[in-house]
Amino acid sequence: MALHTIEPWIPEAWEGPVVQKIMQDSVVEAIGRPEPMTTATKHVPRSGGMGLDVLGKGDTYSEDSSTDDEILLTARKLGRAISLAEEDLADTASLANVIDVKRLDWATSYAKGFDNGTLAVVGAESMAADRPFTSVYQAVRTTDSNISYTADANYVLAGDNLGAVTFTDSGDVVTFNQPHGLAVNDRVVSGTVTTTTGITAGTTYYVLTVPSTTTVTLSATSGGATLALTTNGSAISMTKLGVTYSSLSRTLGLYESSDWFDPTRTGVIAAPTFLQAVRDVKDTQGRPIFQQGANGSADTLFGYPIRWSLGARVTTAASAAPTGNPLLIVGNRDLLIVGRRSGPESYVADAASGVGFLTDETKLKVRARRAFAVGHPAGLAVLEAS
């Protein structure tokens, strides 16, 4: 009779190195609002708020008309397996150490991948497309009529809006309504274009020449050929790209003016590439807006704690090594809802009796089952750099 041995998944201890590595590297796991899950799905109530009456003696209370709804959390499995040759393990005589190292390696990848999937993935939730959740970026950039949110209401492209421009076919000139302050090789992007062809809204271009304080010519590449502008026309805006005081302040202002603003629950999450930019930014009185933490205290931006995440870069599918545009996200961290179904946990099948018996291999599997949802996009704001 064949002997079947079923070993249970072993949860990682909270105080253990795997969980602590995840909490150190994954900002969403560390500061998000945890929701315990005992099944694969969970409905989380979302309150529509409640108004207030000013009542005199004998006045009638009005009936509140706010609409409540629910947010559905669906647990997704995030894991990986690895085979370890029995000979190699025997040669090193350090089975436990090798497996522990691999668990920590997985924790590092999980932390970056989970942050990326929850913060920065573009596109609707789709397991087939490796988009396990609707990310903050996607939620902020998508209209949701059920909660009266309009796409991009809380989205900012890093840079300074220089106002509307006109395009002239003759000479391929871009003309501003006021001095633009641009220099050769500055990067710009236009808003919606009317009539003119040859330039596309949302595409990055480079300043090629600066004929005057109110005119420039552009190129598709740095130092390249002049961008041919066919037919006179205009654009509603032209933005000089770059992380500036005004774009950072505007991003925080969108959140600070929302009903979800709470200074005690405010958090900022950013890709580490923002570090170089914010170190050089000062307010109108010459004071730095970024303060590096000391003696274990958090870094701050405009006085709010800021955490750095390698996952905060735009991608089309969740990745542990994203390379897209970096993001800075500010908001009420209670709106980052993290469903915890199980894990992190691991399973080891040794070569003596497990699935690797015929190949002399020990198998290690590590996983976590997590859900994620944005509580309300109006309580978060996104700054995208390019």
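Bear in mind the structure is a predicted one, so any value in this text is a computation, not a measurement. (Residues numbered from 1 in each chain as written. Predicted model: local features only at pLDDT ≥ 70, side-chain atom pairs only at ≥ 80, totals over all residues. Heavy atoms only, no water.)

1. Focus: the overall build of the protein chain
Helix and strand content of the protein chain: seven helices and 23 strands. Viewed in the frame of its principal axes, the protein chain has a C-alpha envelope of about 85 × 75 × 45 Å. Put simply, of all contacts in the protein chain between residues at least 6 apart along the chain, 72% involve residues at least 24 apart. With the model as given, the accessible surface of the protein chain reaches about 19,700 Å², and the carbon-plus-sulfur share is 52%. Side-chain charges of the protein chain comprise 30 positive and 40 negative groups, with the mean position of each set lying 1 Å from the other. (Helix = DSSP H or I, 4+ residues; strand = E, 2+ residues; numbered from the N terminus. Contact = heavy atoms within 4.5 Å. Areas by Shrake-Rupley, 256 points an atom, 1.4 Å probe, with all protein chains shown as cover. Lys, Arg positive; Asp, Glu negative; His and termini not counted. Charge placed at Lys NZ, Arg CZ, Asp CG, Glu CD.)

2. Details of the sheet that holds strand S12 (residues 204–212)
Spatial strand order, S7-S15-S10-S12-S13-S9-S8-S14-S11: nine strands in an open sheet with antiparallel pairing. Sheet topology places strand S7 (159–161) and strand S11 (193–194) at the edges, where each strand pairs with a single neighbour. Direction of pairing for S7 relative to strand S15 (residues 238–241): antiparallel, over a ladder of three bridges. Bridging from a neighbouring strand, Gly159 pairs with Leu241 of S15. (Pairing = 2+ DSSP bridges.)

3. Observations regarding a negative patch on the surface
There is a patch of like negative charges on the surface, built from Asp53, Asp59, Glu63, Asp64 and Asp68. Residue position: Glu63 is located in the loop between strand S3 (41–46) and strand S4 (69–74). Residue class for Glu63 comes out exposed when judged on its relative accessible area of 76%. (Patch = residues over 30% accessible without salt bridge, like charges linked within 9 Å, V, L, I, M, F, W, Y side chains within 5 Å. Salt bridge = Lys/Arg side-chain N within 4 Å of Asp/Glu carboxyl O. Buried < 20%, exposed > 50% of the residue type's maximum accessible area, 1.4 Å probe, protein only.)

4. Examining the packing of aromatic side chains
Applying the stated criterion to the full structure yields eight aromatic pairs. With a centroid separation of 5.0 Å and an interplanar angle of 15°, the aromatic rings of Trp106 and Tyr110 are classed as stacked. Of this pair, Trp106 and Tyr110 both sit in helix H4 (residues 95–119), separated by four residues, roughly a single helical turn. With a centroid separation of 6.2 Å and an interplanar angle of 70°, the aromatic rings of Phe133 and Phe372 are classed as edge-to-face. (Phe/Tyr/Trp six-rings, centres within 6.5 Å; stacked < 30°, edge-to-face > 60°.)

5. Notes on the sheet that holds strand S19 (residues 304–308)
Pairing in this open sheet of seven strands is mixed, and the strands run S6-S23-S20-S16-S19-S18-S17 from one edge to the other. Both edges of this open sheet fall to strand S6 (155–157) and strand S17 (290–291), since each of them pairs with a single strand only. Inspection of the sheet shows S17 paired to strand S18 (residues 299–301) by two bridges, in the antiparallel sense. Looking at S18, one finds that Phe290 is bridged to Leu301. Strands S6, strand S16 (266–270), S18, S19, strand S20 (327–332) and strand S23 (380–384) of the sheet are contacted by helix H6 (residues 245–256), whose axis makes an angle of about 165° with S23. (Axes fitted to C-alpha atoms, helices over the stretch in contact; angles between N-to-C directions.)

6. Overview of the pattern of salt bridges
Side-chain pairs of opposite charge can arise where the charged atoms are in close proximity. Under the counting rule described, the total for this entry stands at 15 salt bridges. Residue Asp69 is joined to Arg46 by a salt bridge in which the shortest nitrogen-to-oxygen separation is 2.8 Å. You can see Asp69 sitting in strand S4 and its partner Arg46 sitting in strand S3, a full 23 residues away along the chain. A salt bridge links Arg103 to Asp100, with the shortest nitrogen-to-oxygen separation between them at 3.0 Å. Pair noted here: Arg103 and Asp100 are both in helix H4, with a separation of three residues, about one helical turn. For Asp100, a relative accessible area of 37% puts it in the partly exposed group.

7. Describing unusual backbone geometry
For the bond from Gly343 to Pro344, the omega torsion is 5°, close enough to zero to count as cis. Even without glycine at this site, Asp152 takes up a positive phi of about 70°. In this structure, Asp152 sits in the loop between helix H5 (136–140) and S6. The backbone of Phe302 sits at a positive phi, close to 55°, despite the residue not being glycine.

8. Remarks on the confidence of the model for the protein chain
Detailed reading of the predicted coordinates is not advisable wherever pLDDT falls low. When pLDDT is averaged across the protein chain, the result is 90; 94% of the residues are at 70 or more. Throughout residues 1–6 the model reports pLDDT below 50, and contacts reaching past four residues in sequence, or to other chains, amount to zero contacts. (pLDDT = per-residue confidence, 0-100.)

9. Here we look at the nonpolar core
Proteins that are soluble and globular tend to have nonpolar side chains buried together. Counting residues in each nonpolar core, the largest one holds 61 residues, and the members touching the most others are Val136, Leu248, Phe274, Leu301 and Leu328. The dominant element in this core, judged by the number of residues it contributes, is H4, at six residues. Each residue touching Leu328, except ones within four places of it in the same chain, is listed here: Leu248, Val268, Ile269, Ala270, Phe274, Leu301, Ile306, Ala381, Val382 and Leu383. In this structure, Val165, Tyr205, Leu218 and Leu229 belong to the second largest nonpolar core, which totals 16 residues. (Core = buried A, V, L, I, M, F, W, Y, C linked by side-chain atoms within 4.5 Å.)

10. Section: H6
Compared with an ideal rise of 1.5 Å per residue, which puts 12 residues at 16 Å, H6 spans 16 Å between its outermost C-alpha atoms and is within 8% of the ideal. Those residues of H6 lying buried are Ser247, Leu248, Thr251, Leu252 and Tyr255. Taken around the axis of H6, the buried residues stretch over an arc of 130°, which confines them to a single face. (Expected span 1.5 Å × (residues − 1). Arc of directions from axis to C-beta.)

11. Description of the side chain of Asp186
With respect to the helices and strands, the residue Asp186 is situated in the loop between strand S9 (173–176) and strand S10 (187–190). A polar contact is formed between the side chain of Asp186 and the backbone nitrogen of Ala183, at a distance of 2.8 Å. Asp186 has contacts with Gly181, Tyr205, Tyr206, Val207 and Lys240, leaving out every residue within four places of it along the chain. (Polar contact = N/O pair within 3.5 Å; in protein donor to acceptor, adjacent residues only side chain to side chain.)

12. Description of the environment of Val184
Tracing the backbone through its elements, the reader meets Val184 in the loop between S9 and S10. Val184 sits in the partly exposed class, given a relative accessible area of 48%. In this structure, the C-alpha to C-alpha distance between Val184 and Leu218, residues 34 residues apart in sequence, is 9.2 Å. Excluding its chain neighbours within four sequence positions, the residues that come into contact with Val184 are Val207, Leu208, Thr209 and Val210.

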